[in-house]
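# Architecture and fold: a report
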Amino acid sequence: MKLKIVQAGHPVLRQTSRPLSANEIKSASTQQLIELMRDTMRDAPGVGLAAPQIGLSIQLAVIEDRPEYLRDIPADYLKALERSPVPFHVIINPKVTVLEDSSAEFFEGCLSVMGFAALVRRPIRIRVEYLDEQAKALTIEARGWYARILQHEIDHLNGRLYVDRMEPRSFSTGDNLSRFWQQENIEQVRAELKIKS
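Below: a short report on this structure. Computed from a predicted structure; not experimentally measured.

Cut-offs applied
Residues numbered from 1 in each chain as written. Predicted model: local features only at pLDDT ≥ 70, side-chain atom pairs only at ≥ 80, totals over all residues. Heavy atoms only, no water. Helix = DSSP H or I, 4+ residues; strand = E, 2+ residues; numbered from the N terminus. Buried < 20%, exposed > 50% of the residue type's maximum accessible area, 1.4 Å probe, protein only. Polar contact = N/O pair within 3.5 Å; in protein donor to acceptor, adjacent residues only side chain to side chain. Salt bridge = Lys/Arg side-chain N within 4 Å of Asp/Glu carboxyl O.

## Brief notes about the side chain of Gln-59
Of note, Gln-59 is situated in the loop between strand E1 (48-50) and strand E2 (60-65). Owing to a relative accessible area of 7%, Gln-59 belongs among the buried residues under this scheme. From its side chain, Gln-59 meets the backbone oxygen of Ser-17 in a polar contact 3.1 Å long.

## With respect to the pattern of salt bridges
Close approach of charged atoms allows side chains with opposite charge to pair. Under the definition given, this model contains 19 salt bridges. Of the charged contacts in the structure, one is a salt bridge between Arg-190 and Glu-105, with a shortest N-O distance of 2.7 Å. Pair noted here: Arg-190 is in helix H7 (residues 186-192) and Glu-105 is in strand E4 (residues 103-109), with a separation of 85 residues, a long-range link. Judged by its relative accessible area of 8%, Arg-190 falls in the buried class. Taking relative accessible area as the criterion, Glu-105 reaches 8% and is therefore assigned buried. The partner of Arg-165 in a salt bridge is Asp-155, and the shortest N-O contact between them spans 2.6 Å. In this pair, Arg-165 is assigned in the loop between helix H5 (144-157) and strand E8 (172-173) and Asp-155 in helix H5, connecting sequence segments ten residues apart. You can call Asp-155 buried: its relative accessible area is 6%. Among the charged side chains, a network of salt bridges with common partners joins Glu-108, Arg-122, Arg-148, Asp-155, Arg-160 and Arg-165.

Quick look at the structure:
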């Protein structure tokens, strides 16, 4: 079964989600929700899906960057993104710590802002403390594209969309992103769009 993904403008996307208790996490209803969210994310397809995106204001997101999503991306661009496959996992009640000052800017899209993308600058390296689907406390240290995915999904849990962080002049339809900018050097994109540093 596929869940409906709500789009920008829906109030739930602008709320700070509530944390889940250990009992809630372990409940049959939450376990079923996780499966449905995984299936919905894969069907979209996407690399992450947060509960607010399906209309639920709770601190839960699913993440997975499947190997098949990377097949048609040139190796040099994957290297620039620092992108590699990420196995399926669940993050609940996450807390983020930025581990270094360096940041990177790349195009991001969102399943709740369908059909568009924009340049977003984010920290390259982060730590996330969270609970998994069994309410076990875990920590991830992530960098590159994986760190970006985590930050994007955690933003959803705090009522933020990538459009709040984007470079406005880079906002593009998905078609035009593919046509003009998808695998261009970011400095070239900034120069052609006349984006000031």
